[in-house]
Amino acid sequence: MEDKNIPLHVGIIMDGNGRWAKKRLMPRSFGHKSGMNAMIELAEHAQKCGVKYLTVYTLSTENLSRPQDELDGLFNLFRKYFTVNVKKLYENNARVRIIGDLSALPADVAELLKKGEDNSPADAEFTLVFAINYGSRTEIVNAVNRAVEQGKKLDEKGFASLLYTGDIPDPDLIIRTGGELRLSNFLMYQSAYAELYFTDVLFPDFSGKEFDKALKDYAARERRFGKV
Ligand code: FPP
């Protein structure tokens, strides 16, 4: 595959953990744990493929109204990832970025996420962006309010700089696992010209091989950005 056909930034909606667990008569939390393992492998694989940014939709603003025991399970996974697993990411010369509203998370989790960013290598070749308590509509409304407060009239570039992703290039490819055909409030502004790839594979089964299929599909697309 030629380098120009490798997307710089891939976003992924990691859907299907609950169904994956249900099929195995296991609790949803088991699906999320398996999802975390799949995500760790995926990030390593994406970096090896030459992708520079991978944004993982880990918790949407809407997900925060899930039952408390499911949320507690997810928060425990964040605690584990950001104390143990993140070290391997750093060793691979990769960094962490967090997008979303951390103020609604347990304080110790928010603190760990901040540390995850702060302890990242400065000259990283790969960025793993966690979208946590993230929602595009909230992000856009916040950006509008900031612009109003600053009394600024903005162009597209200026507006984009006020989003959580101000320093991150727009995604070239958005993948959604788990069979649903929607974006669910994920990077709505940033993905205006992203290629979309949907698969029925449930996220815990989304292997490097499945990622390669998405890259192959992407490489065959003709991106015109509205031009002829
Ligand atoms: C949607 O699947 C998935 C989530 C709400 C959570 C995604 C989280 C992970 C993959 C774990 C990542 C963890 C860390 C620490 C990085 P769903 O549960 O809605 O699946 P369903 O549609 O089958 O019910």
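Since we're looking at a predicted model, the values are computed, not measured. (Residues numbered from 1 in each chain as written. Predicted model: local features only at pLDDT ≥ 70, side-chain atom pairs only at ≥ 80, totals over all residues. Heavy atoms only, no water.)

> Any chance you could explain the layout of surface pockets here in plain terms?
Here the largest pocket defines a volume of roughly 610 Å³. With six residues, the single largest contributor to the lining of the largest pocket is helix α3 (residues 68-91). Here the residues of the lining of the largest pocket sort into 13 nonpolar, ten polar and nine charged. Its boundaries defined by the atoms lining it, the second largest pocket holds a volume of some 350 Å³. (1 Å grid on protein atoms, 1.4 Å probe; cavity = no way out; pocket = protein on both sides within 12 Å on 5 of 7 lines; lining within 4 Å. Points joined across faces, edges and corners; volume = space filled by probe spheres on them. Helix = DSSP H or I, 4+ residues; strand = E, 2+ residues; numbered from the N terminus. Nonpolar A, V, L, I, M, F, W, Y, C, P; charged D, E, K, R; others polar.)

> Would you mind going over the nonpolar core with me for this structure?
It is characteristic of soluble globular proteins that their nonpolar side chains tend to be buried jointly. Judged by nonpolar contacts, the single largest core of 47 residues is most densely connected at Leu54, Phe82, Leu128 and Phe130. It is α3 that contributes the most residues to this core, ten residues altogether. Excluding residues that lie within four positions of it along the chain, Leu128 makes contacts with Met39, Ala43, Leu54, Val56, Tyr81, Leu89, Arg95, Val96 and Arg97. Of all hydrophobic cores here, the second largest spans 13 residues; its members include Tyr53, Tyr134, Ile168 and Leu183. (Core = buried A, V, L, I, M, F, W, Y, C linked by side-chain atoms within 4.5 Å. Buried < 20%, exposed > 50% of the residue type's maximum accessible area, 1.4 Å probe, protein only. Contact = heavy atoms within 4.5 Å.)

> Honestly, the site of the ligand in this entry has me stumped. Any pointers?
The environment of the ligand is made up of 18 residues, and the closest members are Asp15, Gly18, Arg19, Arg28 and Arg66. Asp15 has a polar side-chain atom sitting 3.0 Å from an oxygen atom of the ligand. The contact in question runs from an oxygen atom of the ligand to an N or O atom on the backbone of Gly18, over 3.1 Å. Protein chains shield 92% of the accessible area of the ligand, which is 630 Å² for the free molecule. (Near = heavy atom within 4 Å. Polar contact = N/O pair within 3.5 Å; in protein donor to acceptor, adjacent residues only side chain to side chain. Areas by Shrake-Rupley, 256 points an atom, 1.4 Å probe, with all protein chains shown as cover.)

> Looking at this structure, how should I read the pattern of salt bridges?
Note that side chains of opposite charge can pair when their charged atoms are close. Scanning the entire structure with this criterion turns up 15 salt bridges. A salt bridge links Glu44 to Lys88, with the nearest nitrogen and oxygen atoms 3.0 Å apart. Of the two residues, Glu44 sits in helix α2 (residues 28-49) while Lys88 sits in helix α3, which places them 44 residues apart along the sequence. Within the structure, one salt-bridge network assembled from shared partners comprises Arg97, Lys114, Glu117, Asp118 and Asp167. (Salt bridge = Lys/Arg side-chain N within 4 Å of Asp/Glu carboxyl O.)

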